[in-house]
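Analysis of the macromolecular model
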Amino acid sequence: MQPVATTFFFYFLSAVTVISGLLVITRRNAVHSALALILALIGQAGLYLMLYAPFVAGVQIILYAGGIMVLFLFVIMLVSIEQSLKEEQFSKLWVVGLVSALALGGLFVAVYLKGKGIFPERVMIPPETSNTQEIANYLYGNYMFAFEIASLLLLVAIIGAVVMAKKRI
Amino acid sequence: MAPIGTLHYLVIAAALFVLGVIGVLTRRNVVIILMSIELILNAVNLNLVAFSRIWGLHGQVFSIFIITDAAAEAAVGLGILIAFFRNKETVNVDEIDLLKW
Amino acid sequence: MLDYINSYLSDTVHVTPGEAGNFFWALVYIIAIFAGLSVAVIAMNWLERKILAHMQIRLGPMRVGPHGLLQPVADAIKLLLKEDILPSEADPLVFWLAPLIVVWTAFTVFIVVPFGPTHAVTDMNIGVLFMLGVSSLSVLGVVTAGWASNSHYPLIGALRSSAQMVSYEIAMGLAVVSAVLMSSLNAEGTGTLSRIGLVQAQEAQQTWFIFKFFPLGLIAFFVFAVAMVAETNRAPFDLPEAESELTAGFHTEYSGFRWSLFFLAEYSAMIAVSSIAVTLWLGGWLRPFPHALTGETWDLVFSLFPGITFMFLAAITFYSVARMPKHPYFRVQTIGLAGFGAVLALIGLALFAPPVRDRIQDVYWFVVKVAGFMYLYIWYRGTFPRYRFDQLMKVGWKVLLPIGLGVLILTAVSGIVF
């Protein structure tokens, strides 16, 4: 199936993503930030679909938007936010933040301008219908060890979260 | 308009990354700092997936690992946040200035 | 456009409109699904009240229309006319957004539901993943609704709901993975996440996955069936909206049209998860015994079922007409009921016509299986008492999760051994 109106959807989805990213770091209320972040994640899932990566897009929605962000919302509701609403939102580091952001942005621009030749003009269009199967082949073949380590990492995270959040063990 | 190439995606990823860095450095609410870290991780993911169109599916596999990592990070980070909130009744990073209490 | 229609009506087409890039037919399907869902939700509203009432030896709604048939219409008019209250302390934007999120997720999942080999809006490579992902987004609507109301009961409901849905999603995912694993038992050894592909795998393996590796398929199906009730916040897992503890849970502060959006979303989410269960374990659009009872005669017998169903409903209606009180006061109601029966009988007659009969087969069997699940939902609600919250968590994490993992491992082992 040929994608349609690629240019329009690219600009639309990137606008959604970047504007919601901006809202994430500027909103006073943490719940609004979380909702903006969810919108950014969904927009990014759309970008993945445009990059012929349907499996990553699905994982992004099911794990990030449906799992991690629910965890965030849950915690935001547990910690009362009335007090933090009245406080100063931005720390005194904002000059540092702005400078470092500008420096990073400049670095990226420089790299992209210099490195434009590195990226091949032609892009492969990977077969969309067998994307999941091929990722599975890599995951359980080439990256088997990394996969096992990831499971260990998750185990550590589970134990860590339980130890942190429980009052008395 | 120019056809959408890899560079377009990289620019979006860079914008997200910079936004995340600004968020981490300037906000005082721990929850929003954690969310900014998620933005940074997502920017990296977008880069990897964009490059996977040129150099094969390795990038997509890596982005799945990064999502796993983000889940672990969020779980532990929010656990720390709840433990901290229980002790100090605030989510302001500037108040986190004691090694032990 | 005429070419499109003609190409679709011929027998040679074997792709869904979305795959074929056929926007006209995709649009037609979207509108048909939307209309069908709305009718199904209205019907469910009436059926749930009636069936629950009969389970409790009551009559249920009887006043508005014959046997309360017009009750859903009356309810809809009431809800639309009610004042739309915005609590003064609520967060207006999020309060407004929450019902939209819930409805959006509930309807978006239907673009990958296969009503037949070609009767779907589109067939995605990641169909099952997409469906689980989008339906897991509906918890966001519930949570934000509870938070935005800025009131205690909704907040407790939202916290309960988020904990419950995140927990049961894991058991649900494990059960789904074991079904996907069964689909990989073919010559190539690769499974599929496409929902049409899953049904075709069951067709190729000549068995529904619920009977595959007996009792493994059955146990996986059982895990899914429990998790899906929890996922849709229905009794006995309706803690987020437990009316005896939390008045109405997360939608306490909602009224009028926005409340009806939550209602609509709840029922279409029930239909959506039932459709996952049907595609994964109960053979989707396949008719019963597609391989045991083959041949012209059996095909004919099974193709008569849609018509017979409607005729049966019409017969019940006419029996009720005969039983209506003879007093002139009831004359309008009797005529109305007879008209309803006549409409049902006409639909039944139309379904006996050979061209309609053959085309409606897939859709009919799919809908019948989903309808069975809908009846189960009502039955649960009439039978089981509500869980306590710690019991709910215990069932999710200590019973369903280990069972799901065990079934997954055993399925993998049996896939290698057999």
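Reading the values: rules and limits
Residues numbered from 1 in each chain as written. Chains lettered and ligands numbered in written order. Predicted model: local features only at pLDDT ≥ 70, side-chain atom pairs only at ≥ 80, totals over all residues. Heavy atoms only, no water. Helix = DSSP H or I, 4+ residues; strand = E, 2+ residues; numbered from the N terminus. Buried < 20%, exposed > 50% of the residue type's maximum accessible area, 1.4 Å probe, protein only. Areas by Shrake-Rupley, 256 points an atom, 1.4 Å probe, with all protein chains shown as cover. Contact = heavy atoms within 4.5 Å. Buried area = accessible area lost by both parts, 1.4 Å probe. Salt bridge = Lys/Arg side-chain N within 4 Å of Asp/Glu carboxyl O. Nonpolar A, V, L, I, M, F, W, Y, C, P; charged D, E, K, R; others polar. Patch = residues over 30% accessible without salt bridge, like charges linked within 9 Å, V, L, I, M, F, W, Y side chains within 5 Å. Polar contact = N/O pair within 3.5 Å; in protein donor to acceptor, adjacent residues only side chain to side chain. Axes fitted to C-alpha atoms, helices over the stretch in contact; angles between N-to-C directions. Parallel < 35°, antiparallel > 145°, perpendicular 65-115°, else oblique. Left-handed = near helix turned anticlockwise from the far one by under 90°. Phe/Tyr/Trp six-rings, centres within 6.5 Å; stacked < 30°, edge-to-face > 60°. pLDDT = per-residue confidence, 0-100. Expected span 1.5 Å × (residues − 1). Arc of directions from axis to C-beta.

**Some thoughts on the overall build of chain A**
- Helix and strand counts for chain A stand at 7 helices and 0 strands.
- Reading chain A from its N end, one meets helices and strands in the order α-α-α-α-α-α-α.
- Expressed as a percentage of the 169 residues in chain A, the buried residues total 40%.
- Carbon together with sulfur atoms contributes 73% to the accessible area of chain A, which is approximately 9300 Å² in total.

**Section: the interface of chain A and chain B**
- Between chain A and chain B, the residue contacts involve 81 residues of the former and 75 residues of the latter.
- For the pairing of chain A and chain B, the buried interface totals around 7000 Å² over both sides, and the portion due to carbon and sulfur atoms is 77%.
- Across the contact surface, chain A and chain B share 0 salt bridges.
- Broken down by secondary-structure element, the contributors of at least two residues to the side of chain A that touches chain B are α1 (6–26), α2 (30–50), α3 (54–78), α4 (82–86), α5 (94–114), α6 (131–142) and α7 (144–165) of chain A.
- Examining the composition of the side of chain A that touches chain B, we find that 13 residues originate from one element, α3(A), more than from any other.
- A class-by-class count of the residues in the side of chain A that touches chain B yields 55 nonpolar, 18 polar and 8 charged.

**So, a nonpolar patch on the surface**
- On the surface, F145(A), I149(A), L152(A), L155(A), I158(A), I159(A), V162(A) and V163(A) cluster together into a nonpolar patch covering about 780 Å² of accessible area.
- With respect to the secondary-structure elements, L152(A) resides in helix α7.

**Topic: the interface of chain C and chain A**
- Counting residues at the interface gives 28 residues for chain C and 27 residues for chain A.
- Interface of chain C and chain A: buried area, both sides summed, is about 2300 Å²; carbon and sulfur atoms make up 79% of it.
- When the buried area of chain C at its contact with chain A is split by residue, N125(C), L140(C) and W147(C) rank highest and sum to 24% of it.
- Run the count over chain C and chain A and you get 0 salt bridges.
- One can count 2 residue pairs in polar contact (both at pLDDT 80 or more) joining chain C with chain A.
- Within the residue set of the side of chain C that touches chain A, elements represented by two or more residues are α5 (127–148) and α6 (152–182) of chain C.
- By residue class, the composition of the side of chain C that touches chain A is 16 nonpolar, 9 polar and 3 charged.

**A few points about the packing of helix α2 (residues 23–55) of chain C against helix α14 (residues 354–383) of chain C**
All names here are of chain C.
- Running from N to C, α2 and α14 cross one another at 45 degrees; their axes reach a closest spacing of 10 Å. By the angle between their axes, α2 is oblique relative to α14. At the point where α2 passes α14, the crossing takes the right-handed sense. Counted together, M44, L47, E48, I51, L52 and M55 of α2 and M374, Y375, I378, W379, R381 and G382 of α14 form the full contact between these two elements.

**What to know about the environment of Q164(C)**
Residue and element names in this part refer to chain C.
- Here Q164 shows up in helix α6.
- For the pair formed by Q164 and E231, sequence separation is 67 residues and the distance between their alpha carbons is 7.6 Å.
- Discounting residues that sit within four places of it in the chain, Q164 has contacts with A230, N233, F237, L239, P240, L392 and M393.

**With respect to the packing of aromatic side chains**
- Under the defined criterion, the tally for this structure stands at 29 aromatic pairs over all chains.
- A centroid spacing of 5.2 Å and a plane angle of 65 degrees characterise the contact between F8(A) and F9(A), whose relative ring orientation is edge-to-face.
- When the ring of F221(C) is compared with that of F373(C), the centres are 5.9 Å apart and the planes differ by 65 degrees; the resulting orientation is edge-to-face. Of this pair, F221(C) sits in helix α8 (residues 216–231) while F373(C) is found in helix α14, placing the two residues 152 residues apart along the sequence.
- Overall, F221(C) belongs to the buried group, its relative accessible area being 14%.
- For F373(C), a relative accessible area of 6% corresponds to the buried category.
- Here the aromatic residues W298(C), F302(C), F305(C), Y364(C) and W365(C) are joined through ring pairs into a cluster of three or more.

**What about the arrangement of the chains?**
- Contacts are most numerous between chains A and B, considering all 2 pairs of chains that are in contact.
- Chain B makes no contact with chain C; the smallest distance between any of their C-alpha atoms is 13 Å.

**Describing the packing of α8(C) against helix α10 (residues 256–281) of chain C**
All names here are of chain C.
- Two elements in contact, α8 and α10, have axes separated by 10 Å at closest approach and are oriented at 175 degrees. Classified by the interaxial angle, the pair formed by α8 and α10 is roughly antiparallel. Between α8 and α10, the residues in contact are G217, A220, F221, F224 and M228 and V273, S274, I276, A277 and W281, respectively.
- Partitioned by chemical class, the residues of the contact of α8 with α10 number 8 nonpolar, 2 polar and no charged.

**Describing the confidence of the model for chain A**
- The pLDDT averaged across chain A works out to 81; a share of 83% of its residues lies at or above 70.
- Within chain A, no element has a lower average pLDDT than α4(A), which sits at 64, and none a higher one than α2(A), at 89.

**Points about the pattern of salt bridges**
Residue and element names in this part refer to chain C.
- For the structure shown, the criterion picks out 7 salt bridges over all chains.
- With its nearest N and O atoms 2.6 Å apart, the salt bridge here joins R234 to E48. Of this pair, R234 sits in the loop between α8 and α9 (243–246) while E48 sits in helix α2, and the two are 186 residues apart along the sequence. Here R234 and E48 have matching classes, each one buried.
- Note that R386 is salt-bridged to D238, the shortest N-O span being 2.8 Å. Note that R386 is positioned in the loop between α14 and α15 (389–417) and D238 in the loop between α8 and α9, a separation of 148 residues in sequence.
- Each of E48, R234, E266 and R381 takes part in a single network of salt bridges with overlapping partners.

**Overview of α1(A)**
- Over its 21 residues, α1(A) extends 30 Å from the first C-alpha to the last, a length consistent with the 30 Å expected when each residue adds 1.5 Å.
- Those residues of α1(A) that sit buried are F10(A), L13(A), S14(A), T17(A), S20(A), G21(A), V24(A) and I25(A). Looking down the long axis of α1(A), one finds its buried residues gathered within 140 degrees of arc, a one-sided arrangement.
- Taken together, the buried residues of α1(A) touch α2 of chain A together with α1 (6–26) and α2 (30–55) of chain B.

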